[in-house]
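As a plain string of letters, each chain reads:
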Amino acid sequence: GLGDVYKRQLQRDDDDPEVSVADTDGVVLSWLHRRDIGDDDRQAVVDRIVFEGDAAKGRISRFIVLMVFSTAIATFGINADSTAVVIGAMLIAPLMIPIMATSASLLMGWPVRATRSLFLVAGGVAIAVVGSWILSRYFPVLEVTTNSQILSRVSPTTVDLMIAFAAGAAGAFAVSRPDVADSLPGVAIAVALVPPLTVIGITLGAGEWEFALGASLLFVTNLVGVILAAGITFVLVGFSPWFHVEANRSQINRSYATVVVALLLIASPLTVAGDDVLASVTNSAKASKVVEQWLEDAPDYRTVSVTVRGSEAEVVIVGSGALPAPQKLADGFA
């Protein structure tokens, strides 16, 4: 049995032959079989992340209120191009809890709980997008295409997916262990769920459809990464015992098939976006050197920013006095 394999592994010494792959698999499976946090702790996790029972109505009301506040703060923070204010919105946002509940419910084969949690996530998404769109009509962002808070959330790459994986694993570990539950706000900051949603609303209001699509891709990346990584972590910490996974393998496979398909669908645009960002950074660095050489004869000027998008370069400088011939700068870029 698996237990015998595990014991044999512990008894090996340096003179024994190398451990076979089959024996290693046996050790891993034996370890997984012994991972079980117990019914009481499992129920405590469910109570923490699933909105149900007599307290469900009150918890949902608080969720809605916090989503409204978080959306407002994030929208104003983006409007002011303030990183500190946007971080405050991340701390308030309660969206991570129903996402954790969705992952746990899919893993445990609880379709009703999974559906309720997904509806809660969808409700939070609607509040953030619609709320930010409404607020942006009254408090429009003056320069959508140059706002750093917006630009940082419209070109997700595979790095963002890796961040979502790490944040999802950390979040699942935090909700599974009461002694580290205080780490959950930090997880919310790392994965940043609400700011991309508010960027969607703001850019839709400004008619910047490409930016809205990029922010949507970032949110989907975060959502898929968190759900998948949280599911794996819930197994490793013993929230879902391995015997339960084996007994419900077909149902779990069906539940997570959609998540895996979504992951495959977003992998390609994330890779392309990453290549574009790398090319943009490289071209901007080269362009900055050209601008520095152009300003050698104008020491009273300094470069504020150099941004390259495709075949166009945007140069922002400040200073006073005569400038070298613009044609010289154009020739440098040629």
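For the structure itself, consult the block above.
For clarity, every value in this text was computed on a predicted model and none was experimentally measured.

Peer 1: How should the packing of aromatic side chains be read in this particular structure?
Peer 2: Geometry of an aromatic ring pair is reported as the spacing of the ring centres plus the angle between the planes. Applying the stated criterion across every chain yields a total of four aromatic pairs. Centroid distance Phe51 to Phe63: 6.3 Å. Interplanar angle 75°. Geometry classified as edge-to-face. Of this pair, Phe51 sits in the loop between helix H3 (39-49) and helix H4 (56-79) while Phe63 sits in helix H4, and the two are twelve residues apart along the sequence. Aromatic side chains Trp110 and Phe239 sit 6.4 Å apart centroid to centroid with 85° between the ring planes, which places their arrangement in the edge-to-face category. Here the residue Trp110 occupies a position in the loop between helix H6 (96-108) and helix H7 (111-138), and Phe239 occupies one in the loop between helix H12 (209-236) and helix H13 (242-247), the gap between them amounting to 129 residues. Look at Phe239 and you get buried, because its relative accessible area is 0%. By way of ring pairs, the aromatic residues Trp110, Phe234 and Phe239 are connected into one cluster. A cation over an aromatic ring shows up here: Arg113 above the ring of Trp110, its NZ or CZ 4.5 Å from the ring centre.

Peer 1: What am I meant to see in the environment of Arg62 here?
Peer 2: Within the element layout of this structure, Arg62 appears in helix H4. Note on Arg62: relative accessible area 51%, which makes it exposed. Taking the C-alpha atoms as reference, Arg62 lies 9.2 Å from Pro94; in sequence the two are 32 residues apart.

Peer 1: Before we go on, may I ask you to explain unusual backbone geometry in this structure?
Peer 2: Phi angles above zero are rare outside glycine, and Asp81 is one such case at about 55°. In this fold, Asp81 is placed in the loop between H4 and helix H5 (83-92). Residue class for Asp81 comes out partly exposed when judged on its relative accessible area of 32%.

Peer 1: Explanation requested: the packing of helix H11 (residues 194-205) against H12 in the structure shown.
Peer 2: Where H11 meets H12, the closest approach of the two axes is 8 Å, and the angle between their N-to-C directions is 165°. Judged by the inter-axis angle, H11 sits roughly antiparallel to H12. Of the two elements, H11 crosses H12, and the hand of that crossing is left-handed. Touching Pro196, Leu197, Val199, Ile200, Thr203 and Leu204 of H11 are Trp209, Phe211, Ala212, Ala215, Ser216, Leu218, Phe219 and Asn222, all from H12.

Peer 1: Help me understand the nonpolar core, please; the structure alone is not making it clear to me.
Peer 2: One recurring pattern in soluble globular proteins: nonpolar side chains tend to sit buried together. Of all hydrophobic cores here, the largest spans 67 residues; its most connected members are Ile49, Met100, Ile150, Phe234 and Phe239. Element by element, the count of residues in this core is highest for H12, at eleven residues. In contact with Phe234, not counting residues within four places along its chain, are Met100, Ser103, Ala104, Leu107, Ala172, Val175, Ser176, Phe239 and Ser240. Within the second largest apolar cluster, five residues are counted, among which are Val291, Trp294, Ala298 and Tyr301.

Peer 1: Any chance you could explain H11 here in plain terms?
Peer 2: Residues spaced three or four apart along an α-helix face the same direction, because each turn holds 3.6 residues. With twelve residues, H11 extends 17 Å between its outermost C-alpha atoms, agreeing within 8% with the 16 Å of an ideal straight helix rising 1.5 Å per residue. Within H11, ten of the twelve residues are buried, which leaves the element mostly enclosed by the surrounding structure. Listed in full, the buried residues belonging to H11 are Val194, Pro195, Pro196, Leu197, Thr198, Val199, Ile200, Gly201, Ile202 and Thr203. Where H11 is buried, its residues touch H4, H5, H7, helix H8 (148-151) and H12. Gly207 lies just past H11 and shows a positive phi near 75°.

Peer 1: Explain the environment of Leu295 to me, please; I cannot follow it from the model alone.
Peer 2: Within the secondary structure layout, Leu295 lies in the loop between helix H14 (249-294) and strand E1 (302-309). Through-space distance from the C-alpha of Leu295 to that of Leu323 is 7.6 Å; in sequence the pair is 28 residues apart. With residues up to four places along the chain from it excluded, the contact list for Leu295 reads Tyr301, Arg302, Thr303, Ile317 and Leu323.

Peer 1: Even after reading the chapter, I still don't get the pattern of salt bridges, so can you show me in this structure?
Peer 2: In a structure, side chains of opposite charge can pair up when their charged atoms sit close to one another. A complete count under the given rule lists two salt bridges for this structure. For Asp39, the salt bridge goes to Arg42, with nearest N and O atoms at 2.8 Å. Pair noted here: Asp39 and Arg42 are both in helix H3, with a separation of three residues, about one helical turn. A relative accessible area of 9% means that Arg42 is categorised as buried. Across the pair Arg113 and Glu52 runs a salt bridge, and its minimum N-O distance is 2.7 Å. In this pair, Arg113 is assigned in helix H7 and Glu52 in the loop between H3 and H4, connecting sequence segments 61 residues apart. Given the relative accessible area of 26%, Glu52 is considered partly exposed.

What counts, and at which threshold
- Residues numbered from 1 in each chain as written.
- Predicted model: local features only at pLDDT ≥ 70, side-chain atom pairs only at ≥ 80, totals over all residues.
- Heavy atoms only, no water.
- Phe/Tyr/Trp six-rings, centres within 6.5 Å; stacked < 30°, edge-to-face > 60°.
- Helix = DSSP H or I, 4+ residues; strand = E, 2+ residues; numbered from the N terminus.
- Buried < 20%, exposed > 50% of the residue type's maximum accessible area, 1.4 Å probe, protein only.
- Lys NZ or Arg CZ within 6 Å of the ring centre and 35° of its normal.
- Axes fitted to C-alpha atoms, helices over the stretch in contact; angles between N-to-C directions.
- Parallel < 35°, antiparallel > 145°, perpendicular 65-115°, else oblique.
- Left-handed = near helix turned anticlockwise from the far one by under 90°.
- Contact = heavy atoms within 4.5 Å.
- Core = buried A, V, L, I, M, F, W, Y, C linked by side-chain atoms within 4.5 Å.
- Expected span 1.5 Å × (residues − 1).
- Salt bridge = Lys/Arg side-chain N within 4 Å of Asp/Glu carboxyl O.

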